[in-house]
Amino acid sequence: MLPKSARNRPGNLRSGTHGIIVHWPGPYLHRAGGILNWWAKGERAGAAHDIVDQDGTVVHALPPEEVGWHLGAGKYTRFKALKVGDDNPNKWFYGLETCVLNLQGDMSGATWDATVRRCVEMCALFGLQHWEVYTHQQIVGSVPHWGKYHCHELFYTRPEELERLRYEVSLG
């Protein structure tokens, strides 16, 4: 867990929950411990609530009810406006970082299964439906991060995988 005094954990409570945002660490292929340490350094604003490592371990960075800084952008999509209006989307979405195996965003079976389980848990906690699992680009647009990659690259290039994730979440 990030310390409360960290730049990336101000301790503010979220206004509510309109969905789950599934992220990836980009082409750097970090493991959960490295991501958490990077966030703890606070050199840049940014932190999701949880990180799913390649072995399926869920590392908690922020309590689910606190604001995480995982949806920053210069401009946002119309979808974001429909969900939260002019408000900061970080106040309204739970963020889940997933550690990936390659630049295509593929996850290990353990990461996939733990991501499904965590989404099921968060849907139950916040009263969400399975279709309320979204990607970063649905909120901020399809602007590539890290050069040419999108967040989450797997779901950007193979949207049927996002639908598979949502379906598995619906099975509970």
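Whatever comes next refers back to the structure up there.
Calculation criteria
- Within each chain, residues carry numbers counting from 1 in the order of the written sequence.
- This being a predicted model, a pLDDT of at least 70 is required before a residue's local features are given, and a value of 80 or more before pairs of side-chain atoms are given or counted; all residues contribute to the totals for chains, interfaces and linings.
- With hydrogens and water excluded, all non-hydrogen atoms of the structure serve as input to the side-chain values.
- Helix and strand labels come from DSSP, where a helix needs a run of H or I of at least four residues and a strand needs a run of E of at least two; each type is numbered from the N terminus.
- In this analysis, the expected span of each helix is defined as 1.5 Å times one less than the number of residues it contains.
- Any residue under 20% of the maximum accessible area for its type is buried, any over 50% is exposed, and the rest in between are partly exposed; the area is computed with a 1.4 Å probe on protein chains only.
- In this description, one arc is meant: the one made by directions from the helix axis to the C-beta atoms.
- Contact definition: two residues touch when any of their heavy atoms are within 4.5 Å.
- Buried Ala, Val, Leu, Ile, Met, Phe, Trp, Tyr and Cys residues that are joined via side-chain atoms within 4.5 Å together make up what is termed a nonpolar core.
- Pairs of strands are assigned from DSSP output, requiring at least two bridges between the strands.
- The axes are straight lines fitted to the C-alpha atoms, using for helices just the contacting stretch, and the angles between their N-to-C directions are given from 0 to 180°.
- Only Phe, Tyr and Trp rings take part, Trp by its six-membered ring, and two of them pair if their centres are within 6.5 Å. Stacked means planes under 30 degrees apart, edge-to-face means over 60, and tilted covers everything else.
- Counting as a charge over the ring demands two things of the Lys NZ or Arg CZ atom: a distance within 6 Å of the ring centre and an angle within 35 degrees of the ring normal.

Chemist: Help me understand helix H6 (residues 159–171), please; the structure alone is not making it clear to me.
Modeler: Its 13 residues give H6 an end-to-end C-alpha distance of 19 Å, which sits within 8% of 18 Å, the value for a rise of 1.5 Å per residue. Looking at H6, one finds that the buried residues are Glu161, Leu162, Leu165, Arg166 and Val169. All buried residues of H6 lie within an arc of 145° about the axis, which places them on one face of the element. Turned more than 90 degrees away from the buried face of H6 sit Tyr167 and Leu171, all of them exposed. Buried residues belonging to H6 abut strand S1 (19–23), helix H3 (109–126), strand S5 (133–135), helix H4 (136–140) and helix H5 (153–157).

Chemist: What's the story with the nonpolar core in this structure? I'm lost.
Modeler: General note: in soluble globular proteins, nonpolar side chains tend to be found buried as a group. By size, the foremost hydrophobic cluster in this structure holds 23 residues, and its most contacted members are Ile20, Val22, Trp112, Cys119, Val133, Phe155 and Leu165. Those elements that place two or more of their residues in this core are S1, strand S4 (93–98), H3, H5 and H6. Examining the composition of this core, we find that 6 residues originate from one element, H3, more than from any other. Once residues lying within four places of it in the same chain are set aside, the contact partners of Val22 are Leu96, Thr98, Cys119, Val133, Tyr134, Thr135, His136, His152, Phe155 and Leu165. Among the nonpolar cores identified, the runner-up in size contains 12 residues, and Leu2, Ile35, Leu36 and Ala61 belong to it.

Chemist: Can you walk me through the sheet that holds strand S3 (residues 58–60) in this structure?
Modeler: Sheet strands line up and pair through hydrogen bonds in the backbone, either parallel or antiparallel. Strands sit in the order S3-S2-S4-S1-S5 across an open sheet of 5 strands; the sheet is mixed. The strands lining the two open edges of the sheet, one partner per strand, are S3 and S5. Adjacent strand axes in the sheet meet at a mean angle of 30° when their direction is disregarded. Each of S1, strand S2 (50–52), S3, S4 and S5 is contacted by H3, which is oriented at about 170° to S4, the strand it contacts most.

Chemist: So what exactly am I meant to see when it comes to the packing of aromatic side chains here?
Modeler: Summed over all chains, the structure comprises 4 aromatic pairs. Here the aromatic rings of Tyr94 and Phe126 are separated by 6.5 Å at their centres, their planes lie at 45°, and the arrangement is tilted. Linking Tyr94 in strand S4 with Phe126 in helix H3, this pair joins segments that are 32 residues apart in sequence. Residue class for Phe126 comes out partly exposed when judged on its relative accessible area of 23%. Put simply, the rings of Phe79, Phe93 and Tyr134 pair up and form one aromatic cluster. A cation over an aromatic ring shows up here: Arg14 above the ring of Phe126, its NZ or CZ 4.9 Å from the ring centre. For the cation-ring pair, Lys80 lies above Tyr76, with the distance from its terminal atom to the ring centre recorded as 5.1 Å.

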